[in-house]
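Structure assessment
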Amino acid sequence: MPNPIVYQDDFEQKRRREIIDGVITMMSPRPSVNHNRICLNIAVLFSNYLRGKPCVPFSDGVDLFLDEKNRFMPDFMAMCDPEKVHPDGVHGAPDLVVEVLSPSTAKNDRGLKKGAYGRCGVREYWIVNPEDKTVEVYLPAEGRLELHEVYAVYPDWQLKQMTEEELAALPKSFQCSLFHDLDILIEDIFYRTF
C-alpha cells in the first residue's frame, strides 16, 4: 500500500506548539538524540526517586497551562500539588521545571519562558545545555528566577589541564532544592550523550 501524501497543512497540524506571552510559537519539530537522552535520563532519575512520594514527575509531551497567556510543553516537570493535575495536563506552576536547550528554543527558554515561570511561582528551574554539558539551576528571588549555580561535565582535555586542587574542587553532584535527600550526579544527566 503506498504511503499517503502528507500536505503542508497536515504537517503543520502535527507540529508542537506553545503559547508564550499570548503568542503561538512553534517548537522544534524533532529533538536531537542528545536532547532526547537527557530528557529520558532526568525523567528516570526523578521517576525512581519520587516513586511512592506525593510529588509526581512529568516527562516531555505534557501540556502546562501556566496562566491565561502561557501554555508550555516543558521537557520535564515535577508537581507536588495534586489539585493542579488534570487529564489534559498540569494547570498552574509546577514545583520544578527543566528545559533542555535546542537552537530554535534557547532564546525563549532563557527569556520569556523563564520570566513566566518566575512570575507564576515555579520553585526551581533548570536549563540544561547538551552542547556544553551544563545544568543551570535557577531559584526564586522576588518574583523572578535568579541563577543559583552552574554544574558541568568537563571534557577530558580540560580535566587534564587542571591541578589536583582544581579537580578536587569540581562538584560531581548537586541537590535539588526541593528534595534535600536526592543527590544528583551531573554525569547521570548526560549519560550516553555525545
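Residues numbered from 1 in each chain as written. Predicted model: local features only at pLDDT ≥ 70, side-chain atom pairs only at ≥ 80, totals over all residues. Heavy atoms only, no water.

1. A few points about the environment of Glu 124
- Structurally, Glu 124 is set in strand β10 (residues 124–129).
- C-alpha separation for the pair Glu 124 and Arg 71, spaced 53 residues apart in sequence, amounts to 18 Å.
- Polar side-chain contacts of Glu 124 include one of 2.7 Å to the side chain of Trp 126.
- In this structure the side chain of Glu 124 is engaged in a polar contact, spanning 2.4 Å, whose partner is the side chain of Ser 177. (Helix = DSSP H or I, 4+ residues; strand = E, 2+ residues; numbered from the N terminus. Polar contact = N/O pair within 3.5 Å; in protein donor to acceptor, adjacent residues only side chain to side chain.)

2. Section: the confidence of the model for the chain
- Mean pLDDT over the chain stands at 92; residues scoring 70 or higher make up 91%.
- Between residues 2–14, whose pLDDT stays under 50, and residues either more than four places distant or in other chains, the model counts 4 contacts. (pLDDT = per-residue confidence, 0-100. Contact = heavy atoms within 4.5 Å.)

3. Quick notes on the sheet that holds strand β3 (residues 56–59)
- The 6 strands lie next to each other as β3-β6-β9-β10-β11-β12, forming an open sheet whose pairing is mixed. Taken across any chain shown, the strands that pair with only one partner, and hence form the sheet edges, are β3 and β12 (144–152). Sheet twist, expressed as the mean angle between neighbouring strand axes with direction ignored, is 15 degrees.
- For β10 and strand β11 (residues 134–141), the ladder comprises 5 bridges, and the chain directions are antiparallel. Across the sheet, Tyr 125 pairs through a bridge with Tyr 138, a residue of β11.
- Strand contacts of helix α4 (residues 112–120): β9 (96–100), β10, β11 and β12, with the helix running at about 115 degrees to β12, the strand carrying the most contacts. (Pairing = 2+ DSSP bridges. Axes fitted to C-alpha atoms, helices over the stretch in contact; angles between N-to-C directions.)

4. As for the packing of aromatic side chains
- Evaluated as defined, the whole model comprises 9 aromatic pairs.
- Aromatic pair Phe 46 and Trp 126: ring centres 5.8 Å apart, planes at 55 degrees, arrangement tilted. Of this pair, Phe 46 sits in helix α2 (residues 33–50) while Trp 126 sits in strand β10, and the two are 80 residues apart along the sequence.
- Take Phe 46: its relative accessible area is 0%, and that puts it in the buried class. (Phe/Tyr/Trp six-rings, centres within 6.5 Å; stacked < 30°, edge-to-face > 60°. Buried < 20%, exposed > 50% of the residue type's maximum accessible area, 1.4 Å probe, protein only.)

5. So, α4
- Taken residue by residue, α4 has Lys 113, Lys 114, Ala 116, Tyr 117 and Gly 118 as its buried positions.
- Two residues or fewer after α4 comes Gly 121, characterised by a positive phi angle close to 100 degrees.

6. Examining the pattern of salt bridges
- Inspection of the entire model under this criterion finds 8 salt bridges.
- Ionic pairing is found between Arg 71 and Asp 63, a salt bridge with its closest N-O pair at 4.0 Å.
- Three or more residues joined by partner-sharing salt bridges are found here, namely Glu 18, Glu 99, Asp 109 and Lys 113. (Salt bridge = Lys/Arg side-chain N within 4 Å of Asp/Glu carboxyl O.)

7. What about the side chain of Thr 193?
- With respect to the helices and strands, Thr 193 occurs in the segment after α7 (186–189).
- Here Thr 193 falls in the buried class, since its relative accessible area comes to 15%.
- A polar contact of 2.7 Å, which involves the side chain of Thr 193, links it to the backbone oxygen of Phe 190.

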